[in-house]
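Descriptive analysis of the structure
One-letter residues, chain by chain:
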Amino acid sequence: MTSTTRGDFRFFTAALAAAAAIVLIAGCGGAPPDQPPVDAEPEAAAPPQPVLMDAEVAAKAGDFDAAILIIREILSGNTDDIEALRLLARVQAAGGDRYGSAGTWEIVAYLDPYDSDAAYEVGTSMARKGNWEEVRTRMISLDAAGKADARHYLLAGQADLELGYRMEAEKYLLKAGDLELAQSLLGKLYYNRGDIDNAEDAFLMALDINGSNYTANLHMGYIRYHERKYRGAIRYYTAAHRAEPSDPMACLSLAAAFEKSGDRASAIEYYRKGLGLEGIAASERKKVYTTTARLLLESGQTDEIEKLASAGVREFSKAGGLYFYWGEALLKQGRKSEAKEKYKMAATDTQWKDPALKRFHSIR
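Residues numbered from 1 in each chain as written. Predicted model: local features only at pLDDT ≥ 70, side-chain atom pairs only at ≥ 80, totals over all residues. Heavy atoms only, no water.

Concerning the confidence of the model for the protein chain
- On average, residues of the protein chain carry a pLDDT of 88, and 86% of them reach 70 or more.
- Contacts from residues 1–31, a stretch scored under 50 in pLDDT, to residues over four places away or in other chains number 1 contact. (pLDDT = per-residue confidence, 0-100. Contact = heavy atoms within 4.5 Å.)

Written out as C-alpha cells, the structure is:
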C-alpha cells in the first residue's frame, strides 16, 4: 500500500468513527416526538370561603335555609364567632324557629353576658316561662354594668311588678322612657295606687304611641266612666273592645257606659255579646243576665225576656232577679198565673224575696 493509499484509509476510518459517534449520540437522545409535550394540569384553586355578607344577602332575599347553611359553615371553623351566632339567631327567628333562635341567643349570652341583644332575648324567653326572679337578676346586673337600655329597663320593671316590688318597678319603668308597654304598665301601677292624674298621663302617652293599646283604652274608659263622662268612656271602651273583641271586660264595660248614657238598645247589644264570651266570673254573669232582663223589660221587649231568662236559669237556677223580670214580662202579657209562678221562684232568693212577694200578692 502506497503512502497515498494509507492516508486515504486513515481519513476514511476517522470519518466513519465520527459518523458512528453522531449516531450514538442521536440514539441516546431518543427520537424527536411526533407532538409537542403537554404541560401538566394546574392545581385547582381552593373554593372561596363563605362570609357573613353572603348569609346576610340570602336572608334579605328570604332564603333563610341558605343563610343558615352559610352561617353553619362559618361556625364549623370557629364555633365562638359571636357575629355569626348573632346573625344565626336573627335568621332563625325570621324563619319561624323561635326555639332554635332562643338557644342560639343563650350561646351568645354565655360567650358575652353583656351583649345587649342576647341579654334582652334571653330575658324575654325567661319572662315567657314566668322565671321573673332570673329576669330581674340579669337585668339588674346589666344595669349595674352600664350596659342596659330601655328594653332591659322594661323587663326589669315587668319583673318587679310580677314580684310585687312596686316602687322599684316604677323606677325601672320610668327609665324605660317612651316605650308603649312601659307607659301602659306605669299607668296601671298609678291607677291601682289611686294616682289618677299620673295614670291618665301615662295612658295618654301610650295611646300617642299606639291608639289601639287595649290596656290604656280600657283604663281611660274607667277614668272617664267614674268622672261620669259617659260619651268619653264609650269612645275608649269601643277602642278597647276593637283591640280585644274576645275579652269580656271591655265589652261589658262598654255595655254599662251605654246604659248610663241612656242608650238601652246598645247596652242590651253589648251585654248580650258579653254573655257569649268566655272568662266572665259566675257572679258577674248572673248580674249581666239580670241587668239585661231589666233593660229588655224597660224597652218593652217582653218576648225577648222569656228567651233570655230561660237560658239564664239553666245556669243559675236560683237567680231571683231573672225570675222576677220573667214574671214582670208575663204579667204585662196578661199571663197572670204563669207570672205568679215566677214570682214564687224569685221569692226563694233572699235578695229578691220582698219585691217578688209584693208583686205576687198584688195580682188579682
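Side note on helix α6 (residues 116–128)
- In this model, α6 (13 residues) spans 18 Å end to end at C-alpha, consistent with the 18 Å of a helix rising 1.5 Å per residue.
- Looking at the buried positions of α6, the neighbouring elements they touch are α4 (82–94), α5 (98–111), α7 (132–144) and α8 (150–163).
- The distance from a side-chain oxygen at the start of α6 to the backbone nitrogen of D117 is 3.1 Å, and the residue carrying that oxygen is D115.
- One or two residues past the end of α6 sits G130, with phi positive at roughly 80°. (Helix = DSSP H or I, 4+ residues; strand = E, 2+ residues; numbered from the N terminus. Expected span 1.5 Å × (residues − 1). Polar contact = N/O pair within 3.5 Å; in protein donor to acceptor, adjacent residues only side chain to side chain.)

Section: the packing of α5 against α6
- Running from N to C, α5 and α6 cross one another at 130°; their axes reach a closest spacing of 9 Å. Comparing the axis directions of α5 and α6 gives the class oblique. Here α5 and α6 pass one another in a crossing that is left-handed. Side by side, α5 and α6 meet where R98, A102, W105, E106, V108 and A109 of the first sit next to D117, A118, E121, V122, S125 and R128 of the second.
- Among the residues forming the contact of α5 with α6, the class breakdown is 6 nonpolar, 1 polar and 5 charged. (Axes fitted to C-alpha atoms, helices over the stretch in contact; angles between N-to-C directions. Parallel < 35°, antiparallel > 145°, perpendicular 65-115°, else oblique. Left-handed = near helix turned anticlockwise from the far one by under 90°. Nonpolar A, V, L, I, M, F, W, Y, C, P; charged D, E, K, R; others polar.)

Some words on unusual backbone geometry
- One non-glycine residue with positive phi stands out, namely R228, at about 65°.
- Within the element layout of this structure, R228 appears in the loop between α12 (214–226) and α13 (230–243).
- Judged by relative accessible area, which is 68%, R228 ranks as exposed. (Buried < 20%, exposed > 50% of the residue type's maximum accessible area, 1.4 Å probe, protein only.)

Points about the packing of helix α19 (residues 336–346) against helix α20 (residues 353–362)
- Relative to each other, α19 and α20 sit at 155°, their axes nearing to 8 Å. As the angle between them shows, α19 and α20 are arranged roughly antiparallel. Judged by the sense of rotation from one axis to the other, the crossing of α19 with α20 is left-handed. On α20, the residues touching K340, Y343, K344 and A346 of α19 are K353, A356, R359 and F360.

Focus: the environment of T104
- Tracing the sequence through the fold places T104 in helix α5.
- Along the sequence, T104 and R86 sit 18 residues apart, while their C-alpha atoms lie 7.6 Å from each other.
- Here T104 is in contact with L85, L88, A89 and Q92, once residues within four sequence places are set aside.

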